[in-house]
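Chains, contacts and geometry: an overview
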Amino acid sequence: MNFLEERILKDGLVKPGNVLKVDSFLNHQMDVGLMDMIGEEFYNRFKNENVTKVLTIEASGIAIACSVARVFDVPMVFAKKSKSINIDGEMYVAEVESFTHKNKNNVMVSKKFLSPEDRVLIVDDFLANGCALQGLISIVESAGATVAGLGIAIEKGFQIGGRVIRNLGYRLESLAIVDSMNDETGEIVFR
Ligand code: 5GP
């Protein structure tokens, strides 16, 4: 069991609706030492991929992405969410349905910050159905840049996102893959 799986067992809470709550250490209150460990671990896994940029989506991916970008010593960019479709041609845009909030947002990245030479490492805190990652992949591809890989802290392996992204041929690495969880007993089983 790795450091993140241990922490999930210690402090994660299983909620109804297939939601794993990790807000005491990952996405509300944050253990920044743990973030650093996540950054180092993604560096070890992707260090041969010539990463030039780290991309995530606001809000909860930002802290992880900062830790990753610091170790790679490259800029971090986060896609901004916006309900308006006031797009002036200066932005790459994708539509993303939120797993936790069940609404749709346009997410956008300024064309200034992605270029065809970029090799982009996409990171996020969770992978469920894969909408967030597919939106980020489409933004990278709109820029003519390359997806160097995808790094996820917690993948819920019983939802379809991981299979979809791997079947598309991308290199997806998840630090913890939850194969099942039970909101009545609190049990969490890792792959
Ligand atoms: P997806 O787009 O893959 O369906 O969902 C990914 C996004 O939904 C992540 O950015 C994350 O913020 C949120 N998310 C999905 N599942 C969970 C969960 O079980 N717990 C928490 N805290 N966030 C989740």
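Look up a bit, the structure's there.
Here the structure is a predicted model, which means the values were calculated and not measured.

If you check the shell around the ligand, you find 17 residues, and the closest are L20, A128, N129, G130 and K156. The backbone of G130 places a nitrogen or oxygen atom 2.7 Å from an oxygen atom of the ligand. At a separation of 2.8 Å, an oxygen atom of the ligand approaches a polar backbone atom of A132. Isolated, the ligand exposes 510 Å² of accessible area, and the fraction of that covered by the protein chains is 90%. Listing elements by their share of the shell around the ligand, those giving two or more residues are β2 (19-21), β7 (119-127) and α4 (131-142). Ranked by the residues each element gives to the shell around the ligand, the list is headed by β7, at four residues. Residues belonging to the shell around the ligand are distributed by class as follows: eight nonpolar, six polar and three charged.

So, on to the sheet that holds β7. Pairing is mixed in the open sheet, where eight strands are placed in the order β5-β6-β4-β3-β7-β8-β9-β10. Every other strand in the sheet has two partners, leaving β5 (91-97) and β10 (188-190) as the edge strands with one partner each. Averaged over all adjacent pairs, the angle separating strand axes in this sheet is 30°, with direction ignored. Taken together, the three bridges between strand β3 (residues 53-57) and β7 define a ladder with parallel strand orientation. Within β7, the position partnered with K53 by the bridge is V120. Each of β7, β8 (146-156) and β9 (172-181) is contacted by helix α2 (residues 32-46), which is oriented at about 120° to β9, the strand it contacts most. Against the sheet, α4 engages β3, β4 (76-82), β5, β6 (104-110), β7, β8 and β9, with an angle of about 165° to β5.

Here the bond from E58 into A59 is cis, since omega is 0°, no more than 30 degrees from zero. For A59, the position within the fold is in the loop between β3 and α3 (62-72). The phi dihedral of N18 is positive, around 60°, even though this residue is not glycine. Checked against the element boundaries, N18 lands in the loop between β1 (13-15) and β2.

Bringing helix α1 (residues 3-11) into the picture now. Here α1 has its buried residues at L4, E5, R7 and I8. Taken around the axis of α1, the buried residues stretch over an arc of 160°, which confines them to a single face. The inward-facing, buried residues of α1 abut β2, α2, β8, β9 and β10. Between the side-chain oxygen of the N-cap and the backbone nitrogen of L4 there are 3.0 Å, and the N-cap of α1 in question is N2.

Parameters at a glance
Residues numbered from 1 in each chain as written. Predicted model: local features only at pLDDT ≥ 70, side-chain atom pairs only at ≥ 80, totals over all residues. Heavy atoms only, no water. Near = heavy atom within 4 Å. Polar contact = N/O pair within 3.5 Å; in protein donor to acceptor, adjacent residues only side chain to side chain. Areas by Shrake-Rupley, 256 points an atom, 1.4 Å probe, with all protein chains shown as cover. Helix = DSSP H or I, 4+ residues; strand = E, 2+ residues; numbered from the N terminus. Nonpolar A, V, L, I, M, F, W, Y, C, P; charged D, E, K, R; others polar. Pairing = 2+ DSSP bridges. Axes fitted to C-alpha atoms, helices over the stretch in contact; angles between N-to-C directions. Contact = heavy atoms within 4.5 Å. Buried < 20%, exposed > 50% of the residue type's maximum accessible area, 1.4 Å probe, protein only. Arc of directions from axis to C-beta.

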